Amino acid sequence: NAGVTQTPKFRVLKTGQSMTLLCAQDMNHEYMYWYRQDPGMGLRLIHYSVGEGTTAKGEVPDGYNVSRLKKQNFLLGLESAAPSQTSVYFCASSYRGLAANEQFFGPGTRLTVL
Amino acid sequence: DAKTTQPTSMDCAEGRAANLPCNHSTISGNEYVYWYRQIHSQGPQYIIHGLKNNETNEMASLIITEDRKSSTLILPHATLRDTAVYYCIISYSGGSNYKLTFGKGTLLTVNP
């Protein structure tokens, strides 16, 4: 099993450009999450999904959109990138119910917005 | 979610036990204690969690005080690969609360 994979690993954008980060998991997990991590800070939840076709806002959702068209994939979109979105983005997944907080994380995507 | 307090950093000698403390005095009766770690530049890794009983798995042991206001994560024989930031997180398990709130954690450095 590959676990949780993220594409791309690195990306540099110019202000105003758009991009989509892809997260894929092969563990048949119901829940998926997108976090961002800034230097010296813990992870902050951007959006999450409790099942195919559903999404919900986390604590820092502004400037991002997400989609969960297939159970195994969770996409994070930046429509008009801003320097404040320079960060490391982590995707995670988990089973539902009592195991929802035992999350499996991907390796991260390092995004720089110039 | 209850707030946690962890030391900023700790050192441990290789082969010795690493004991990482966490204070969570405002924890509610049905909130769990979760521990994750993050090795440099990697995604966080789940370690262990517990409600009120002590727990042990292949990675670590979790000791929760009787009043549940604090806990200790124990790595019994620390290795250099255990150097990481360790996060203590308080959260409901399952239900409608899916948020894990990661603070700044404790940087554990295991020295040879």
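Residues numbered from 1 in each chain as written. Chains lettered and ligands numbered in written order. Predicted model: local features only at pLDDT ≥ 70, side-chain atom pairs only at ≥ 80, totals over all residues. Heavy atoms only, no water.

Caption draft 1: Summary view of the side chain of S94 of chain A. Position of S94 of chain A among the secondary structure elements: in strand β9 (residues 87-94). The class for S94 of chain A is buried, based on a relative accessible area of 0%. (Helix = DSSP H or I, 4+ residues; strand = E, 2+ residues; numbered from the N terminus. Buried < 20%, exposed > 50% of the residue type's maximum accessible area, 1.4 Å probe, protein only.)

Caption draft 2: Looking closely at the layout of surface pockets. Looking at the largest pocket, its volume works out to about 510 Å³. Every element with two or more residues in the lining of the largest pocket is listed here: β9 and β11 (109-113) of chain A together with β8 (84-92) and β9 (106-111) of chain B. Its residues assigned to classes, the lining of the largest pocket shows 10 nonpolar, 11 polar and 3 charged. Size it by volume and the second largest pocket reaches roughly 210 Å³. Along the walls of the second largest pocket sit E102, Q103, F104 and F105 of chain A together with R37, Q38, I39, Q42, G43, P44, Q45 and Y46 of chain B, which together make up its complete lining. Only β10 (104-105) of chain A together with β3 (31-38) and β4 (45-50) of chain B provide two or more residues apiece to the lining of the second largest pocket. Residues belonging to the lining of the second largest pocket are distributed by class as follows: 5 nonpolar, 5 polar and 2 charged. (1 Å grid on protein atoms, 1.4 Å probe; cavity = no way out; pocket = protein on both sides within 12 Å on 5 of 7 lines; lining within 4 Å. Points joined across faces, edges and corners; volume = space filled by probe spheres on them. Nonpolar A, V, L, I, M, F, W, Y, C, P; charged D, E, K, R; others polar.)

Caption draft 3: Representation of the state of the cysteines in the model. Residue and element names in this part refer to chain A. Overall, the coordinates contain 2 disulfides over all chains when judged by the stated rule. Shown here is the disulfide that connects C23 with C91, its sulfur atoms set 1.8 Å apart. Sign of the S-S torsion, about -75° for the bond between C23 and C91, identifies this disulfide as left-handed. A residue pair is termed long-range when its members are at least 10 positions apart, and C23 in strand β3 (residues 19-25) and C91 in strand β9 qualify at 68 residues. (Disulfide = S-S within 2.5 Å.)

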